[in-house]
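Below are the chains, spelled out letter by letter.
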Amino acid sequence: MSYKMEIKITGMSCEHCVKKVKEVLSKIDGVKEVSVDLSSAKGYIISQKEIPLSLIKEVLEKEGYGIKE
């Protein structure tokens, strides 16, 4: 079973940001696929299990990004 999640990411301003966000989100246990769109500031995560939004927020905040809830 796959879980799909859409998040609104704050703090991205360039393609380097997109690459960094994809990299850190991909390292979360259970994440299978990540895509990030700079123009809409959205991230899409496909995972094997449910991932708490608090964990995603924590991982992003360590890198200087955030989530718009």
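Residue positions are given per chain, counting from 1 as you read along its sequence in written order. Reporting of local features is limited, given that this is a predicted model, to residues whose pLDDT is at least 70; pairs of side-chain atoms are given and counted only at 80 or more, and all residues count toward the totals for whole chains, interfaces and linings. Computation of side-chain values: all heavy atoms of the structure, hydrogens and water removed.

Peer 1: Help me out: how do you make sense of the state of the cysteines in this one?
Peer 2: Linking two cysteines covalently via their sulfur atoms produces the bond known as a disulfide. Here, two cysteine sulfur atoms that lie within 2.5 Å of each other are counted as a disulfide. All told, the structure shown has zero disulfides when counted by the stated rule. Cysteine Cys14 is unpaired, with the sulfur of Cys17 as its nearest cysteine sulfur at 3.6 Å. Residue exposure (1.4 Å probe, protein chains only): buried if accessible area is under 20% of the type maximum, exposed if over 50%, otherwise partly exposed. With relative accessibility at 30%, the residue Cys14 sits in the partly exposed group. Since its relative accessible area comes to 8%, Cys17 is described here as buried.

Peer 1: Sorry if this is basic, but what is going on with the packing of helix H1 (residues 15–26) against helix H2 (residues 53–62) here?
Peer 2: Every axis in this analysis is a line fitted to C-alpha atoms, fitted for helices over the stretch in contact. Angles between the N-to-C directions lie between 0 and 180 degrees. Secondary structure is summarised from DSSP: a helix means a run of H or I of at least four residues, a strand means a run of E of at least two, and numbering begins at the N terminus for each. Remark: H1 packs on H2, axes separated minimally by 10 Å, with the N-to-C direction vectors making an angle of 135 degrees. When the axes of H1 and H2 are compared, the pair comes out oblique. Here H1 runs over H2; the crossing is right-handed. Two secondary-structure elements touch here, H1 through Val21, Val24 and Leu25 and H2 through Ile56, Val59 and Leu60. Here the residues of the contact of H1 with H2 sort into six nonpolar, no polar and no charged. Any angle between 65 and 115 degrees counts as roughly perpendicular, while under 35 counts as roughly parallel, over 145 as roughly antiparallel, and the rest as oblique. Handedness of each helix crossing follows the sense of rotation of the near helix against the far helix: counterclockwise by less than a right angle gives left-handed, clockwise gives right-handed. Two residues qualify as a contact provided that any one of their heavy atoms is within 4.5 Å of a heavy atom in the partner residue. Residues were grouped as follows: Ala, Val, Leu, Ile, Met, Phe, Trp, Tyr, Cys and Pro as nonpolar; Asp, Glu, Lys and Arg as charged; and all remaining residues, including Gly, as polar.

Peer 1: Can you help me understand the side chain of Ser47 in this one?
Peer 2: Within the fold, Ser47 resides in strand S3 (residues 42–47). Sequence-distant contacts of Ser47, that is, excluding residues within four places in its chain, are made with Met1, Ser2, Tyr3, Gly30, Val31 and Lys32.

Peer 1: Is there a simple way to explain the pattern of salt bridges in this structure?
Peer 2: Two side chains bearing opposite charge may form a pair once their charged atoms approach each other closely. Between Lys or Arg on one side and Asp or Glu on the other, a salt bridge is scored when a side-chain nitrogen of the former is within 4 Å of a carboxyl oxygen of the latter. Within the structure shown, the criterion is met by seven salt bridges. For Glu69, the salt bridge goes to Lys57, with nearest N and O atoms at 3.1 Å. Note that Glu69 is positioned in the segment after strand S4 (66–67) and Lys57 in helix H2, a separation of 12 residues in sequence. On the basis of relative accessible area, Lys57 is assigned to the partly exposed category, the value being 28%. Taking the shortest distance from any N to any O, the salt bridge between Glu58 and Lys62 comes out at 3.8 Å. Of the two residues, Glu58 and Lys62 both sit in helix H2, four residues apart, roughly one turn of that helix. Judged by its relative accessible area of 43%, Glu58 falls in the partly exposed class. On the basis of relative accessible area, Lys62 is assigned to the exposed category, the value being 65%.

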